[in-house]
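Now for the letters of each chain:
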Amino acid sequence: MEDYVVEMRHITKQFGSYKANNDISLQLRKGEILALLGENGAGKSTLMGMLSGLLEPTDGEILINGKVVKMENPRDAKKLGIGMVHQHFMLIPAFSVLENIILGDEPTKATSINYKKAASDIEKLAEKYHLDIDINAKVRDITVGMQQRVEIMKALYRKANVFIFDEPTAALTPQEIEQLIKILRALAEEGNSVIFITHKLKEIKEVADRCVVIRMGKVIETVQVAETKEEVLAEMMVGRKVNFAVEKKETDKSKTILAVNDLNVEAHGLLKVKDLDLNVHSGEIVGVAGVDGNGQSELIEAITGLRKIKKGSIELKGKSLQNLSARRISEAGVGCIPEDRQNVGLILPFTIAENLVLKSYYKKPASRHGLLNYKKINELGKQLIKSFDIRSQSEKELAGDLSGGNQQKVIVAREISASPNLLIAANPTRGVDIGAIEYIHEKIIEQRNTGRGVLLISFELDEILKLSDRIVVMHEGQIVGEIDPRHTSSEELGLMMAGKTPIGQEG
Amino acid sequence: MNTKSLKGLAIPLVSVLAGFIVGAILMLIFGYDPIQNYQNLLVGSLGGVYSIGETLRNMISLILTALGFAVASKAGFFNIGGPGQYLIGWFGAIVFTLKFSHLPAVILIIGALLCGALAGGLWSMIAGVLRAYFGTSEVITTIMLNYIILYIVNFAVKSWLASKGSDSSPNITSKANLNTPFLQHITDNSTFNWGFFIALAVVALVWFYFNKTKSGFEIQAVGLNESASQYAGVNVKRTIIIAMLISGLLAGLGGAIDGLGNFENISVSNNLPNVGFNGMAVALLAAENPIGIVFAALLFSVLQIGGLSISVYSNTPSEIVDIVIASIIFFVGIKYAFELMAKKGWFNRKNKVGKGGAEK
């Protein structure tokens, strides 16, 4: 029998009567990158929670290096060499990178912390694994990508040899993802083992050796990645055929829906949008590609009335939106799927029905004479839940209790049901499972096909390439180029986003 | 739904029980008889028409200041200004009654109550405006406003309302007194007054406001998630100011009713009225639920009024009641710790450890 670094045998985890994991077995070899693929709520995080000592299995056993172990808490797991890199980083912003790494395991000299030894140890590790980190910087000043590398370093510093990554690419830019993939490879080459939780097929194809597909708490199949097509993986994960291609009808693009001229927007005293011109026509999806932080958020905030314009003009169908309140702009026909669905798009402790009327609660039929009509609100909620396929117990369920994909569907339902002239979609499928992505894409295309304008801002290049009729690249607050998605590639887009090559106008 | 609200009840009930137990243990340690004392407490607060009248009267301002705190809290603000808003409401009602004593009774009373409530609301609104436009922490501004109004009222009473050498305003005309002869007659001359029914009506109004009105919906939306409200087009600044205005209105109304129904004048005072702070405790015990506030106020009132008689019938110091009250608040506070522990799965782990132990 082969020696496995980690072996999970017939693991079952029950919460009350609900089986989050049902008889799952998996094996991890030395030097292997194993992908754990499944939709949100399939049970991936529960399974890894047990491997990292956060949860205890109801049934089944875990073997590390061939020995049965019992882990009562994350400390036990760390001692066994298991390092977890969480989706949400657990770092102290006010501490330096070095302090964060050694926290809890400080090397000491007499009674004081031996920072010198710690620093040299860490630097050695950083070199070995190509981890680009600045150990003297404060965590609050470094990028998300570097914070993740600090988390990896924390595990390395504690001599982990099994690394679990929980959706590590969710918050990264394309360049950072590339860097991460290099690090994963380096980890594996040095004889460590990696488990990689994700629902992104492309990343699995790129980096993983084997892939365990989980659906509804059960292992569906374990496959060799090199021999399996993306479409097949997707089908196994979702449990049905997934439609990758999108259907775009010919549309009349003669009318200008949104006209942005010479726009300048400031945030925190910095000019984030500079002399920007942008048009969106009827029946058109304009994709805005760009690395996070290049003024995309400020552009959206300016259009939707959440941020003041310093200079320039914004017109919707020829009417100026300038100095109108967010409500007036929304009434003028601008819908927006915001970047941050949990903090901006929804009020999580409100019910689904309440969230669905968040932009229309003040007018008929949701309310009259200052009084809310809950009967109507709930009826409306029921209708939208049905027509937008929001998976929930009832319209009175709290938005916070829904899965990410269904939360996003609530927002999509609200924005699209208002029949906007212009729909702004900012990262509409971030952190959402494939089934919901497919659905949201369909709905966005549907808007386009019915002759409305769509402004799509996304960090997922594939999404932009797939949906857009026209792509503009935003860099340091300006549009630095426009390309036709039919004649470009992710590589070319990536370079333009980095602002590296001079852009010749194409298309 | 039902099991949820039952769970919500469990925590305050356990806290109350635990508070009484702590009080009993302390009494035993210091050689007092807890059973006798708790009996005196109940008799002193509910043992007769007079005591019941006093207990109910004491509830009025507790209910109204608690509601005030709850409204601000729903909008996400910690309004500690209750004592000051109560005081200015009291002052406003007395001034109105003294200055317009020629008006017919009904108009005089309505005018005085409105004047007091409005004074409280406007005073609290200052903190709201500062918060909305400058982001100033309402905790600090409301504390400061408390002291500012304390000394303004002292100054105004001393130099304007009181006659020379006196520290109190003259008494209001008896036609403005909410403690009418009829109520005195049926409650054995207690201070029970019509304000109690006003307070209950306000409870219903606040409940209605939060559950049925557009404006109440906006306040809760802003309180739960300001950026989402802004994105949805809610005028956040205006909502913050409205919430603080209503919050102060309610506390001010509490002061106005006490002024007309209980004190009948206003005096110079060294301290802020305690009721403003107790109202916060009532609101917290009731988890800011308007209906719950009525019951929490009843409990506090029983303790406060009954506590007075503890030291009358025995040599137990009445401070023991303050300890019981403080313990209850303490245990309510612990509730948050329990919730946190439950979230982190501490209780689950204990179960497992227990299981593991049994296996060995």
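Residues numbered from 1 in each chain as written. Chains lettered and ligands numbered in written order. Predicted model: local features only at pLDDT ≥ 70, side-chain atom pairs only at ≥ 80, totals over all residues.

A few words now on the environment of Glu123(A). Residues and elements named next belong to chain A. With respect to the element layout, Glu 123 can be found in helix α4 (residues 115–128). The exposure class of Glu 123 is partly exposed, given the 14 C-beta atoms found within 10 Å. It is 54 Å that separates the C-alpha atoms of Glu 123 and Leu 316, two residues lying 193 residues apart in sequence. (Helix = DSSP H or I, 4+ residues; strand = E, 2+ residues; numbered from the N terminus. Buried ≥ 20, exposed ≤ 12 C-beta atoms within 10 Å, placed from the backbone.)

Taken together, the contact between chain A and chain B spans 22 residues of the former and 15 residues of the latter. Class assignment of the residues belonging to the side of chain A that touches chain B gives a composition of 13 nonpolar, six polar and three charged. (Contact = placed C-beta atoms within 7 Å. Nonpolar A, V, L, I, M, F, W, Y, C, P; charged D, E, K, R; others polar.)

The next subject is the pairing of strand β11 (residues 210–215) of chain A. Regular strands place their side chains on alternate faces of the sheet. Residue and element names in this part refer to chain A. Across four bridges, the pairing between strand β3 (residues 33–37) and β11 is parallel. Among the inter-strand pairings, Ala 35 is bridged to a residue of β11, identified as Cys 211. For β11 and strand β12 (residues 218–224), the ladder comprises six bridges, and the chain directions are antiparallel. In the sheet register, Cys 211 faces β12, and the bridge partner there is Val 223. Linking β11 to β12, which pair antiparallel, is a turn of two residues; within it Met 216 sits at a positive phi near 50 degrees. (Pairing = 2+ DSSP bridges.)

This part is about unusual backbone geometry. Cis geometry is adopted by the peptide bond preceding Pro365(A), which originates at Lys364(A) and carries an omega value of 0 degrees. By secondary structure assignment, the location of Pro365(A) is in the loop between α12 (352–356) and β19 (367–368). Positive phi, close to 60 degrees, is recorded for Asp188(B), a residue that is not glycine. Within the secondary structure, Asp188(B) is located in the loop between α7 (181–186) and α8 (195–212). Asp188(B) gets classed as partly exposed once you count the C-beta atoms within 10 Å, which come to 14. For Glu288(B), which is not glycine, the phi torsion reads 65 degrees and is therefore positive.

Looking now at the sheet that holds strand β24 (residues 478–483) of chain A. Residue and element names in this part refer to chain A. An order of β18-β21-β22-β15-β23-β24 is seen for the six strands of this open sheet, with the pairing classed as mixed. A strand with exactly one partner marks an edge of an open sheet, and here the two such strands are β18 (334–337) and β24. Taken over all neighbouring pairs, the strand axes of this sheet differ in orientation by 20 degrees on average, direction set aside. As judged from the four bridges shared by β18 and strand β21 (residues 422–426), these two strands associate in the parallel manner. Looking across to β21, one finds that Cys 336 is bridged to Ile 424. The sheet strands contacting helix α9 (residues 296–303) are β15 (284–289), β18, β21, β22 (453–457) and β23 (470–475), and the helix crosses β21 at an angle near 150 degrees. Packing of helix α17 (residues 490–497) onto the sheet brings it into contact with β15, β23 and β24, and relative to β23 it is tilted by some 35 degrees. (Axes fitted to C-alpha atoms, helices over the stretch in contact; angles between N-to-C directions.)

Summarising the element assignment, Lys272(A) is placed in strand β14 (residues 270–281). Residues Lys272(A) and Gly293(A), spaced 21 residues apart in sequence, show a C-alpha to C-alpha distance of 8.6 Å.

Let us look at the nonpolar core. Counting residues in hydrophobic clusters, the biggest one holds 176 residues, and the most contacted among them are Ile424(A), Ala66(B) and Val282(B). For this core, the element with the most residues is helix α11 (residues 236–263) of chain B, which contributes 14 residues. In this structure, Val282(B) is in contact with Leu62(B), Ala66(B), Ile293(B), Ala296(B), Ala297(B) and Phe300(B), ignoring residues within four places of it in sequence. Among the nonpolar cores identified, the runner-up in size contains 69 residues, and Met71(A), Met153(A), Val194(A) and Ala234(A) belong to it. (Core = buried A, V, L, I, M, F, W, Y, C linked by C-beta atoms within 7 Å.)

Let's shift gears to the packing of helix α2 (residues 34–46) of chain B against helix α13 (residues 290–313) of chain B. All names here are of chain B. Interaxial distance between α2 and α13 falls to 7 Å at its minimum, and their mutual angle equals 120 degrees. Judged by the angle between their axes, α2 and α13 are oblique. In terms of crossing hand, the pair formed by α2 and α13 is right-handed. For the pair α2 and α13, the contacting residues are Asn 37, Asn 40, Leu 41, Leu 42, Val 43, Gly 44, Ser 45 and Leu 46 in the first and Val 302, Ile 305, Gly 306, Gly 307, Leu 308, Ser 309, Ile 310 and Tyr 313 in the second. Of the residues belonging to the contact of α2 with α13, the class tally is nine nonpolar, seven polar and no charged. (Parallel < 35°, antiparallel > 145°, perpendicular 65-115°, else oblique. Left-handed = near helix turned anticlockwise from the far one by under 90°.)

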